[in-house]
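Tertiary structure, described
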Amino acid sequence: MLISRRKQRILTIATYLVLAGFTFYCLMPFLWMFVTSIKPDDQIRTLNPSFLVKKMTFGHFDNVLNNSAFLTFFKNSLFIASVTTVAALLISIFAGYALSRFVRFKGVKLFGVAMMLSQMIPGVLLLIPLYLLMKNVSLINTYASLILAYTTFTVPLCTFMMKGFFDTIPYEMEESAEIDGCSRVGIIFRILLPVSLPSLVSTSLFAFLNAWNEFMFGFVFINDESHRTLTPGVSLFKGLYQTDWGSMMAASVLSVLPIVIIFVFLQRFLVEGMTAGAVKG
């Protein structure tokens, strides 16, 4: 019995050591980014970089917030990501419900397969056609171009996330509501959505992060600084002959901070939502 407890204790310690190692490995880039953002330029541009900060400075943050258009980029990204999230969520709710409940109708399975195949197409292959399309309809340098592009690429996976959760809800709940005279739309908003909060939160986070972190379309579709988003805006700190690494890292820290705060407060809903469709019944 003593040997068995000792082995269990050793196994537990080894498990936590491995998890701690993986945690440090994942957090390493973010730690280095933060440390670099509070270093003076002479400590950044050195042949022997180190985690140690000999003299802390917040001058890079001051430069980002007061001497650049970072706040404009932040506002634009927040607006575009929020609108994309709402649009993708509304579409995926109805599409996910259709894929979950109307499987017996012809074309529904084919529609689901088509949405799945669309996820296999890299966005860069559609960059030029989408740019020409946006140019022909005069949407270049507008929020609408990014919202349409982000929503298009976000909806398929959001739909399957919602479908997975709707599959776990017994159909008898809808039958009871139909007997009471509830419409199909009423069933979705009054019966299904109130019990699907974790899935709604995880789907919303996925859509928001996709729009918040996207670089390619924001870089190509927007050439106007007043409409530029955060990720292309951060790259502006890289000049032709010199890169302001301190300001770039400070801008990156400020860009990541809202996402970290969201995950801290909504982590429970995110885990529940991601696992909701894993077990049916």
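Under the UniProt heading Subcellular location (unreviewed entry), the entry covering the protein gives this text: "Cell membrane". Quoted verbatim from the Sequence similarities (unreviewed entry) heading of the UniProt record, the comment on the protein is "Belongs to the binding-protein-dependent transport system permease family."

A separate point is the overall build of the protein. Of the regular secondary structure elements, the protein holds 13 helices and zero strands. Written out in order from the N terminus, the α and β elements of the protein read α-α-α-α-α-α-α-α-α-α-α-α-α. Computed over the C-alpha atoms, the radius of gyration of the protein is 24 Å, more than 25% above the 19 Å expected from 2.2 N^0.38 for a compact globule of 281 residues. Over its C-alpha atoms, taken along the principal directions, the protein stretches across nearly 75 × 75 × 30 Å. Across the 281 residues that make up the protein, the buried fraction comes to 38%. When contacts within the protein are restricted to residue pairs at least 6 apart in sequence, long-range pairs at least 24 apart make up 73% of them. A total of about 17,100 Å² of accessible surface is found on the protein, and carbon and sulfur atoms cover 70% of it.

Most often, soluble globular proteins have nonpolar side chains that are buried together. Ranked by size, the top nonpolar core spans 35 residues in total, and within it Val64, Leu146, Phe217 and Phe221 carry the most contacts. Mapped onto this core, the elements with two or more residues apiece are helix H3 (59-66), helix H4 (70-101), helix H6 (127-136), helix H7 (143-166), helix H10 (197-213), helix H11 (216-221), helix H12 (230-234) and helix H13 (245-276). In terms of residues, this core owes the most to one element, H13, which gives seven residues. Setting aside residues up to four positions removed in sequence, Phe221 forms contacts with Leu127, Leu130, Tyr131, Met134, Ile140, Asn141, Ser145, Leu146 and Ala149. Listed in part, the 14 residues of the second largest apolar core include Leu89, Cys182, Ile188 and Leu200.

Rules used in this analysis
- Residues numbered from 1 in each chain as written.
- Predicted model: local features only at pLDDT ≥ 70, side-chain atom pairs only at ≥ 80, totals over all residues.
- Heavy atoms only, no water.
- UniProt positions renumbered as here; feature names shortened; annotations may be inferred.
- Helix = DSSP H or I, 4+ residues; strand = E, 2+ residues; numbered from the N terminus.
- Rg over C-alpha atoms; globule rule 2.2 N^0.38 Å.
- Buried < 20%, exposed > 50% of the residue type's maximum accessible area, 1.4 Å probe, protein only.
- Contact = heavy atoms within 4.5 Å.
- Areas by Shrake-Rupley, 256 points an atom, 1.4 Å probe, with all protein chains shown as cover.
- Core = buried A, V, L, I, M, F, W, Y, C linked by side-chain atoms within 4.5 Å.

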